[in-house]
Amino acid sequence: ATEELKKGLMQKLLTEGICHTEFKNSELGRIPESWEIIELGKHIKLMGGYAFKSQDSTEQGVKWLKIANVGIQEIKWEQNSYLPINFIEDYSKFLLQPNDIVLAMTRPILNNKLKIAKINDNDLPALLNQRVGKFIFDSKVYSEFMYYLFQHIDFVKILMLKILGTDPPNVGSEQIESINIVFPPLEEQKQIAEILSTVD
């Protein structure tokens, strides 16, 4: 029941926003007058991980976040792999932080849901492997809002069209960054995210 409530709330909040009375037509449907349609790459980048080699693997050390570890809204560590602890300094650009949002870039969609997850303290320290992307947001974006927008079925459908015909289904940073999205003002992004995280 809560899942259905969340789905309905997401649909309403990500298309109608909060307490709007004036709307306009856009390429993504009817949206509030104060919202924009932007190309995702205007404020958000997707950084791919590093191509660590299998011979780098160690029995313990820093966690090695691979594509198999990214599920639907969860990081799964059934298949634990590690890299040498000194890689934290050597590859600091690929070191993950709490609340980072990561995306599987090969077979990114399963049962019409995106394989996207948020990093928490229990997942760290961890280094990002190739074919897993990490979103980087600028100051106009509230990352928690985008986490919900990425899960929305409209975004998933657009991504499906982008990967159509690739085998295995693959997506690149440029393809993701070229997707057009609805873009509310920052304050409303925060309000929408707070409502949806309460349901979560």
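Reference entry: report on the structure contained in this document. Note that the coordinates shown come from a computational prediction; the quantities given were computed from them, not determined experimentally. (Residues numbered from 1 in each chain as written. Predicted model: local features only at pLDDT ≥ 70, side-chain atom pairs only at ≥ 80, totals over all residues. Heavy atoms only, no water.)

Scanning the chain for helices and strands turns up six helices and 13 strands. The C-alpha radius of gyration of the chain comes to 18 Å, within 12% of the 16 Å expected for a compact globule of 200 residues. Overall, the C-alpha framework of the chain stretches about 60 × 35 × 35 Å when taken along its three principal axes. Put simply, the chain has 200 residues, and 42% of those count as buried. Residue pairs at least 24 apart in sequence account for 72% of intrachain contacts in the chain once pairs closer than 6 positions are excluded. Surface summary for the chain: the accessible area is close to 10,700 Å², and the carbon and sulfur share equals 48%. (Helix = DSSP H or I, 4+ residues; strand = E, 2+ residues; numbered from the N terminus. Rg over C-alpha atoms; globule rule 2.2 N^0.38 Å. Buried < 20%, exposed > 50% of the residue type's maximum accessible area, 1.4 Å probe, protein only. Contact = heavy atoms within 4.5 Å. Areas by Shrake-Rupley, 256 points an atom, 1.4 Å probe, with all protein chains shown as cover.)

One finds Leu114, Ile116, Phe135, Met146, Phe150, Ile176 and Ile181 to be the most contacted residues of the largest nonpolar core, which totals 36 residues. Elements represented by at least two residues in this core include exactly helix H1 (2-16), strand E4 (44-48), strand E7 (101-104), helix H3 (143-151), helix H4 (153-163), strand E13 (180-183) and helix H6 (186-199). Considering each element in turn, this core owes the most residues, six residues, to H3. Discounting chain neighbours no more than four positions away, the residues touching Leu114 are Ile72, Leu103, Pro108, Ile109, Phe150, Phe155, Val156 and Leu159. Membership of the second largest hydrophobic core comes to 21 residues, among which are Phe52, Trp77, Leu96 and Leu127. (Core = buried A, V, L, I, M, F, W, Y, C linked by side-chain atoms within 4.5 Å.)

Quick look at the sheet that holds strand E12 (residues 132-137) now. On the basis of which strands lie adjacent, the open sheet formed by four strands has the order E4-E12-E7-E10 and antiparallel pairing. Each of the sheet's edge strands pairs with one partner strand only, and the pair in question is E4 and strand E10 (116-118). The mean angle between the axes of side-by-side strands here comes to 30°, regardless of whether they run parallel or antiparallel. Across three bridges, the pairing between E7 and E12 is antiparallel. Within E12, the position partnered with Ala104 by the bridge is Val132. Lying over the sheet, H3 contacts E4, E7, E10 and E12, oriented at roughly 155° with respect to E10. (Pairing = 2+ DSSP bridges. Axes fitted to C-alpha atoms, helices over the stretch in contact; angles between N-to-C directions.)

Once that is clear, we can look at the packing of aromatic side chains. Within the structure shown, the criterion is met by eleven aromatic pairs. Note on Phe52 and Tyr91: the rings are 5.0 Å apart at their centroids and 80° apart in plane angle, and the pair reads as edge-to-face. In this pair, Phe52 is assigned in the loop between E4 and strand E5 (62-65) and Tyr91 in the loop between helix H2 (87-90) and E7, connecting sequence segments 39 residues apart. Classification of Phe52 by relative accessible area gives buried; the value is 7%. A residue is classified by how much of its surface remains accessible, and Tyr91, at 21% relative accessible area, is partly exposed. Ring pairs connect the aromatic residues Tyr50, Phe52, Trp64, Phe87, Tyr91 and Phe94, which therefore count as one cluster. (Phe/Tyr/Trp six-rings, centres within 6.5 Å; stacked < 30°, edge-to-face > 60°.)

With that settled, consider the packing of H1 against H6. Contact geometry for H1 and H6: axes closest at 10 Å, N-to-C directions at 170°. With respect to H6, the axis of H1 lies roughly antiparallel. Here Thr2, Leu5, Lys6, Leu9, Met10, Leu13 and Leu14 of H1 lie close against H6, whose contacting residues are Ile192, Ile195, Leu196 and Val199. Classifying every residue of the contact of H1 with H6 gives nine nonpolar, one polar and one charged. (Parallel < 35°, antiparallel > 145°, perpendicular 65-115°, else oblique. Nonpolar A, V, L, I, M, F, W, Y, C, P; charged D, E, K, R; others polar.)

Taken N-terminus to C-terminus, the directions of H3 and H6 make an angle of 65°; their axes are 8 Å apart at the nearest point. Crossing of H3 against H6: the hand is left-handed. Between H3, through Glu144, Phe145 and Tyr148, and H6, the contact on the second element is made entirely by Gln189, Ile192, Ala193, Leu196 and Ser197. Taken together, the residues of the contact of H3 with H6 sort by class into five nonpolar, two polar and one charged. (Left-handed = near helix turned anticlockwise from the far one by under 90°.)

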